[in-house]
Amino acid sequence: MFELGKAFEAIYNWLGSLFTRWGIPQFWLDLLSMFLVFAAVLAFITLSALFLVWWERKVSAHMQVRLGPMRTGWHGWRQSIIDAIKLIMKEDIIPAKVDKAVFVIAPIVVFVSALMVYVCIPFGKGMIIKDLNIGILYILAITTFTVVGLLMAGWGSNNKYSLLGGLRSAAQIISYEVPLTLSVLGVVLITQSLSMVKIVTAQTHVWQWYIFRQPVGFLVYLTAAIAEVNRTPFDIPEAEQELVAGYNTEYSGMKFAMFFFAEYTNLVAISAVVTTLFLGGWNGPWLPSWIWFLIKTFFVILVVMWFRWTYPRLRVDQLMGFAWKFLLPLAFLNLILTAAFA
Amino acid sequence: MLTGVSEAVYYILAAIIIGSGVMVVSMKNIFHSALFLVLCFFGVAGIYILLSAEFIAAVQVLIYVGAITILMIFAIMLTARLYSAQIKQSNEQVVPGLIIVSALLVITIFALSKTTWKLSSQAPETQTVAEIGKLLMTTYVLPFEIVSVVLLSALIGAIVIARRD
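Thresholds, definitions, all that
- Residues numbered from 1 in each chain as written.
- Chains lettered and ligands numbered in written order.
- Predicted model: local features only at pLDDT ≥ 70, side-chain atom pairs only at ≥ 80, totals over all residues.
- Heavy atoms only, no water.
- Helix = DSSP H or I, 4+ residues; strand = E, 2+ residues; numbered from the N terminus.
- Rg over C-alpha atoms; globule rule 2.2 N^0.38 Å.
- Buried < 20%, exposed > 50% of the residue type's maximum accessible area, 1.4 Å probe, protein only.
- Contact = heavy atoms within 4.5 Å.
- Areas by Shrake-Rupley, 256 points an atom, 1.4 Å probe, with all protein chains shown as cover.
- Lys, Arg positive; Asp, Glu negative; His and termini not counted.
- Charge placed at Lys NZ, Arg CZ, Asp CG, Glu CD.
- Buried area = accessible area lost by both parts, 1.4 Å probe.
- Salt bridge = Lys/Arg side-chain N within 4 Å of Asp/Glu carboxyl O.
- Polar contact = N/O pair within 3.5 Å; in protein donor to acceptor, adjacent residues only side chain to side chain.
- Phe/Tyr/Trp six-rings, centres within 6.5 Å; stacked < 30°, edge-to-face > 60°.
- Domains from an automatic or database assignment.

Caption draft 1: View of the overall build of chain B. Each helix and strand in chain B was counted, giving six helices and zero strands. Computed over its C-alpha atoms, the radius of gyration of chain B comes to 20 Å, more than 25% above the 15 Å expected for a compact globule of 165 residues. C-alpha atoms of chain B, sized along the principal axes, occupy 55 × 40 × 30 Å. Taking all 165 residues of chain B together, the buried fraction comes to 20%. Across chain B, every contact between residues at least 6 apart in sequence was considered, and the portion connecting residues at least 24 apart equals 57%. Of the roughly 12,100 Å² of accessible surface on chain B, 74% is carried by carbon and sulfur atoms. When the 8 basic and 7 acidic side-chain charges of chain B are each reduced to a single mean position, those positions are 13 Å apart.

Given below as structure tokens:
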């Protein structure tokens, strides 16, 4: 059994002994290890985003009896790397009539808020950046910055399609955040903790997984989370027929790439949270914990992609009605029953 | 209690809060004001974290950024007259405003310098969430319930106003 968490701990201890030998204070060690951990997380996100772009194209192609990208490398595996290089090398266009500062900062806000979720995700035993005792609440709070970023993009672009796209996605995220939070509360009630590590350790055996103890909560969370990341069947913020491309209509090159990147970062994040909250996190037999975590996370991502290429898009009024008239009462019922019997 | 790094972080956060606060009231574009308000609330959340009140910090972000400011931005975006309008920054009541503000400033400085601040020697709580929950359900259950009733009536009021078309 090869546990990456232990390897990281060994590296940290080795660096610590080097630092004490050279007489450098603890502060610099902490700073250095923070940078190293950040680099590792960024590398993980970049690799999985590149992989997911390719995977999504392959999954969609095979569901529609096509082949998808085939020309670059074996089954087109280099496609997303080449696309990324193309996007980075493109000219950085800032349209003349945009609100320049807001336009430039918006993709950064969206991406950083997606990135900050990873502080509290337990990738494996001892592989969490910081096990905050408000863990899941922190994740819920930090994702609200995405809404600010999307509204900035929509407003800063000075374009009616972008504005409508931004407004729609903000309205959607705010509406679905309510059932999402309520479905998380069921898990928190049973665990009696908000800490992500405690939630995972409460699900050591398969029959303890919250998907079996909180099936309704799981379904509500998954539905609301898909709506939060604006994916089909909840992707009206970027409904091509109505809104060109929604809030990122005016964006191109590197800035567009950042929105795209943030979208996949968010997808990995919500799947990792589903894995942690409902599928037992890193728990599993034989394999090391981090491999189990990756297997479960990528399985959830596959399911979400499956939804995307199976269901049609909802209409905007159906979408809001579904959140407020169906998901919200269901989440409340689930919470009350959990509180009564837990 | 604040030493070295935390002191530096405190001053950085204070600079962010005050700077963005000034920008909120001085920006000509009301949308920019709302965005600086987000930054200001974020800085306040940072101060809470520095005081090891993580729960309050998360709730601060969740409610002030996630709900209140976004509601304000919505209102700005949906109001045609405010949309990209240049708002006048001063009004006619300069002299009374100046007097009231300076009086407030004097009172605040007086209160701050005359108060003897109580310092607790206890270590900060680590399990803040559980403690807050217990207090809300025992000692402070009545105020807690009153707040819920106020929120409920606000909710019903909003529905009544929205349906009057």
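More follows now that the structure is in view.
Caption draft 2: Spatial organisation of unusual backbone geometry. Positive phi, normally seen in glycine, also occurs at Val65(A), with a value near 50 degrees. Within the secondary structure, Val65(A) is located in the loop between α2 (26-63) and α3 (79-89). Positive phi values are uncommon outside glycine, yet Ser52(B) reaches one of about 45 degrees. Mapping Ser52(B) onto the fold places it in the loop between α2 (30-50) and α3 (54-78). Overall, Ser52(B) belongs to the partly exposed group, its relative accessible area being 26%.

Caption draft 3: Spotlight on the interface of chain B and chain A. Counting residues at the interface gives 25 residues for chain B, matched by 25 residues for chain A. Between chain B and chain A the total buried area reaches about 2,300 Å² when both faces are included, carbon and sulfur atoms providing 82% of it. Between chain B and chain A we count zero salt bridges in total. For the pair chain B and chain A, the number of links is zero residue pairs in polar contact (both at pLDDT 80 or more). Counting residues per element, the ones that place at least two in the side of chain B that touches chain A are α2 and α3 of chain B. Considering each element in turn, the side of chain B that touches chain A owes the most residues, 13 residues, to α3(B).

Caption draft 4: The packing of aromatic side chains, seen in detail. All names here are of chain B. Going through the model one piece at a time under the given rule, you end up with 18 aromatic pairs over all chains. Pairing tyrosine 10 with tyrosine 11 gives two aromatic rings, centres 5.4 Å apart and planes at 70 degrees, and the pair type is edge-to-face. With relative accessibility at 33%, the residue tyrosine 10 sits in the partly exposed group. Classification of tyrosine 11 by relative accessible area gives exposed; the value is 53%.

Caption draft 5: A look at the pattern of salt bridges. All names here are of chain A. One pass over the structure, following the stated rule, counts two salt bridges over all chains. Residue arginine 57 is joined to aspartate 83 by a salt bridge in which the shortest nitrogen-to-oxygen separation is 3.3 Å. Highlighted residues: arginine 57 in helix α2 and aspartate 83 in helix α3, separated in sequence by 26 residues.

Caption draft 6: Here's a closer look at the domain arrangement of chain B. The domains assigned to chain B are domain 1 (1-110) and domain 2 (126-165). Measuring from the centre of the C-alpha atoms in domain 1 of chain B to the corresponding centre in domain 2 of chain B gives 24 Å.

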